[in-house]
Amino acid sequence: LVEFSTETETDIPEAVYDSYVVEDASTESLPYSACEGRISAEFLYLYPPGIPMLVPGERISGVLIDCIEQLLKNDFSLYGPKRAADQYLQVIREN
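Notes on the structure in this doc start here. (Residues numbered from 1 in each chain as written. Predicted model: local features only at pLDDT ≥ 70, side-chain atom pairs only at ≥ 80, totals over all residues. Heavy atoms only, no water.)

## A look at the overall build of the protein chain
The cut-off we apply is this: Every helix listed is a DSSP run of H or I at least four residues long, and every strand listed is a run of E at least two residues long, numbered separately from the N terminus. Burial classes: relative accessible area under 20% of the type maximum marks a residue as buried, over 50% as exposed, and values in between as partly exposed (1.4 Å probe, protein chains only). We call two residues in contact whenever any of their non-hydrogen atoms come within 4.5 Å of each other. For the area figures, the Shrake-Rupley method with a 1.4 Å probe applies, and any residue is considered shielded solely by the protein chains shown.
Across its full length, the protein chain carries three helices and five strands. When its helices and strands are written in sequence order, the protein chain yields α-α-β-β-β-α-β-β. A buried classification covers 32% of the 95 residues belonging to the protein chain. In the protein chain, once contacts between residues fewer than 6 apart in sequence are set aside, the share between residues at least 24 apart is 68%. For the protein chain, the accessible surface area stands at approximately 6200 Å², while carbon and sulfur atoms represent 49% of it.

## Some details on the packing of aromatic side chains
Using the following cut-off: Pairs were defined over the aromatic rings of Phe, Tyr and Trp, the Trp ring being its six-membered one, requiring ring centres within 6.5 Å. Orientation was assigned from the angle between planes: stacked under 30 degrees, edge-to-face over 60, tilted for the rest. Two conditions define a charge located above a ring, namely a distance within 6 Å from the ring centre to NZ of Lys or CZ of Arg, and an angle within 35 degrees of the ring normal.
The full count for this structure, using the stated rule, is two aromatic pairs. Ring geometry for phenylalanine 43 against tyrosine 45: centres 5.6 Å apart, planes inclined by 15 degrees, an arrangement best described as stacked. Owing to a relative accessible area of 34%, phenylalanine 43 belongs among the partly exposed residues under this scheme. For tyrosine 45, a relative accessible area of 26% gives the class partly exposed. Between tyrosine 47 and tyrosine 79, the ring centres sit 5.9 Å apart and the planes meet at 85 degrees, which makes this aromatic pair edge-to-face. Here tyrosine 47 is found in strand β2 (residues 44-47), whereas its partner tyrosine 79 is found in strand β4 (residues 77-79), with 32 residues between them in sequence. Relative accessible area serves as the criterion here: at 48%, tyrosine 47 is assigned to the partly exposed category. Note on tyrosine 79: relative accessible area 43%, which makes it partly exposed. Sitting above the plane of the tyrosine 88 ring, arginine 83 keeps its charged end 4.0 Å from the centroid.

## Things to note about the sheet that holds β2
As a reminder of what qualifies: Following DSSP output, two strands are said to pair if at least two bridges run between them. Geometry is summarised by axes, namely lines fitted to C-alpha atoms with helices restricted to the contacting stretch, and by angles between N-to-C directions that run from 0 to 180 degrees.
Read across the open sheet, the three strands follow the order β3-β2-β4; overall the sheet is antiparallel. With one partner strand each, in any of the chains shown, β3 (51-54) and β4 form the two edges of the open sheet. Between one strand and the next, the sheet's axes are offset by a mean angle of 40 degrees, whatever the strand orientation. Along the sheet, helix α3 (residues 62-73) makes contact with β2, β3 and β4, crossing β3 at roughly 125 degrees.

## Topic: the pattern of salt bridges
Rules: By definition, a salt bridge exists where a carboxyl oxygen of Asp or Glu is found within 4 Å of a side-chain nitrogen of Lys or Arg.
Counting across every chain of the model gives five salt bridges. For the salt bridge of glutamate 28 with arginine 93, the shortest nitrogen-to-oxygen distance reads 3.7 Å. With a gap of 65 residues between them, glutamate 28 in strand β1 (residues 27-31) and arginine 93 in the segment after β5 (88-92) connect regions that are remote in the sequence. Connected through salt bridges with shared partners, the residues Glu28, Arg38, Arg93 and Glu94 form a single ionic network.

This is how it looks when you write it as structure tokens:
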């Protein structure tokens, strides 16, 4: 059984940059578990239904990381990241 938070205000990722800004940013790959607080540089989809959980330019929250871990634990499929099979996500490189 997958349990999700009912706190809609905290479940919505914070948009930090427009996606076109992220296209030119320097990035690095990190394991999902190390992405909290970082800015996504790529999409992350739960499929089906194919709706993005995360888009480029959004801050990755602890709530989202917990959700990702629950979904993977329950054999749901996540798509979008170049290294999805390795459970890595591209994030904007911090200076």
